[in-house]
Amino acid sequence: MRLLSRKWVVPFGLLIILVMAVAACNGQGDKPFRIGVMESLTGPGETYGNVALQAKQMAVDEINEAGGIDGRMIELVVEDSKCSAQDAITAYNKLTDVDGIKIILGTSCSGAMLGAAPLAEKDGVILFSGLATNPDIAEAGDYIFRTSMSDAQLGVDTGNLLWADGVRKLVTITEATDYAEGVRRTTVAQFEKRGGEVVGAERYASDVTDFRTQLTKLFGENPDALHISAQAEFAGGTIVKQGRELGYDGPIYSEIVAVGKTALDIAGDAATGMKAVVADISPENAKGQEVLTNFQERYGEITLAWYLGSAYDDVYIAAECLKETGDDQDADGFRDCMYEVTWSGAIGENYSFDEKGEVVGLTNVVVQVLPAAERTVDNQGYNVLGSAPSE
């Protein structure tokens, strides 16, 4: 009985060693890798922000179901950046200060990215976007990366397309956001460089729903074409619809937002024939087509397929670098890995990142919207006409 009642006394120092040993054996191996996500789940970018989150979650589920990263699962910690610089800062502070996150995938919108990027650079936190395209992001710092192509290239491609199509007098209507302004600025610069003239320009706030007054003013300049740069699909589709209702029957050009599924649903047949310069998943890209098929089966519809694929690839690239570092708190090691990555995934083959964290090895294409009756999930509502003109 005395043996059963005897108390064993363990020295405090030995107890600490035992606790640390147990943590080393059981803690790190069982703990998930925690990655932050900032997307526009509400606000002007909600249609593609939610798609980006869905694509990321699909990728995470695939990785976890296959055993995770060396047996460790991935956990996403999600915040809504609302397509706004201020809200992105709030989301960033929550992820870093409260959740202790050092690697963040996002954001959906350029303004949000530009708002949060200076903080991430100062704090040494990775900010890795699949959707933000404003040219200024290239100068945001050493911890900032993106798989989305810069609007600098989009603008060159669109300006060249306008000129090649015989447009000499252009009018523009642009949402007053960093993304949309970046598209307009770079497009106009290249168009004017080729010899074109912008004879009218209108801007609108993100809460505007009636564009008839601005469009009437623009059409009064007798332009050869209208260029739309929208942040929200709702605005892009409505502008096309209202423009045709006003009797404008000339060419319309846009970036990718105005040819998203929601935008085309709103515009209906008014969008038929509209051209856009976009990034697109090649039909020959087996991985890209597999991702689209799986996404369609899981969520029921597809919009802005390339950006869906871009968000998906970001998770797999992050997983590759986490496998290398073994530590979701090692932002420096993750950064160094990113500079060395060459990736083949949903959005292209053998692409990588330059010294500014900009994606290289991807190209844009020109698409033309089909009549409403011919739009399907498979064709995304448009025909791909070919690569964007380089000259």
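Residues numbered from 1 in each chain as written. Predicted model: local features only at pLDDT ≥ 70, side-chain atom pairs only at ≥ 80, totals over all residues. Heavy atoms only, no water.

Draft legend 1. The arrangement of the packing of aromatic side chains in detail. Following the criterion strictly, the structure yields 8 aromatic pairs and no others. Geometrically, the ring pair formed by Phe219 and Tyr248 is stacked, given 4.3 Å between the ring centres and 5° between the ring planes. Of the two residues, Phe219 is situated in helix α8 (residues 212-219) and Tyr248 in the loop between α9 (233-245) and β9 (252-254); the sequence distance between them amounts to 29 residues. There is no split in this pair, since Phe219 and Tyr248 are both buried. A ring pair is formed by Tyr312 and Tyr316, whose centres lie 5.1 Å apart and whose planes are at 40°; its orientation type is tilted. With a gap of 4 residues between them, Tyr312 and Tyr316 both fall in helix α12 (residues 305-325), about one helical turn apart. Tyr316 gets classed as partly exposed once you look at its relative accessible area, which sits at 23%. Among the aromatic residues, ring-to-ring pairing joins Phe128, Phe145, Tyr339 and Phe353 into one connected group. Geometry around Tyr316 places Lys287 over its ring, the cationic atom sitting 5.9 Å from the centre. (Phe/Tyr/Trp six-rings, centres within 6.5 Å; stacked < 30°, edge-to-face > 60°. Helix = DSSP H or I, 4+ residues; strand = E, 2+ residues; numbered from the N terminus. Buried < 20%, exposed > 50% of the residue type's maximum accessible area, 1.4 Å probe, protein only. Lys NZ or Arg CZ within 6 Å of the ring centre and 35° of its normal.)

Draft legend 2. Examining the domain arrangement of the protein more closely. On domain assignment, one finds that the protein holds domain 1 (33-149 + 285-360) and domain 2 (152-278 + 365-387). Counting from both sides, the interface comprises 20 residues of domain 1 and, opposite them, 19 residues of domain 2. Both faces considered, domain 1 and domain 2 share a buried interface measuring about 1,600 Å² in area, 61% of it formed by carbon and sulfur atoms. Run the count over domain 1 and domain 2 and you get 1 salt bridge. Close ionic contact of Lys261 with Glu301 constitutes a salt bridge, the shortest N to O distance being 3.6 Å. Across the contact surface, domain 1 and domain 2 share 4 residue pairs in polar contact (both at pLDDT 80 or more). Among the secondary structure elements, those contributing two or more residues to the side of domain 1 that touches domain 2 are α3 (46-65), α5 (110-123) and α12. Grouping the constituent residues of the side of domain 1 that touches domain 2 by class yields 10 nonpolar, 7 polar and 3 charged. (Domains from an automatic or database assignment. Contact = heavy atoms within 4.5 Å. Buried area = accessible area lost by both parts, 1.4 Å probe. Salt bridge = Lys/Arg side-chain N within 4 Å of Asp/Glu carboxyl O. Polar contact = N/O pair within 3.5 Å; in protein donor to acceptor, adjacent residues only side chain to side chain. Nonpolar A, V, L, I, M, F, W, Y, C, P; charged D, E, K, R; others polar.)

Draft legend 3. Quick look at empty space enclosed by the protein. Under the defined criterion, the tally for this structure stands at 2 cavities of 30 Å³ or more. The calculated volume of the largest cavity comes to roughly 110 Å³. As for the largest cavity, its lining consists of Tyr48, Ser108, Leu131, Ala132, Thr133, Tyr179, Gln231, Ile256, Val257, Leu304 and Tyr307. Looking at the lining of the largest cavity residue by residue, the classes come out as 8 nonpolar, 3 polar and no charged. Domain assignment of the residues forming the lining of the largest cavity places at least three in each of domain 1 (33-149 + 285-360) and domain 2 (152-278 + 365-387). (1 Å grid on protein atoms, 1.4 Å probe; cavity = no way out; pocket = protein on both sides within 12 Å on 5 of 7 lines; lining within 4 Å. Points joined across faces, edges and corners; volume = space filled by probe spheres on them.)

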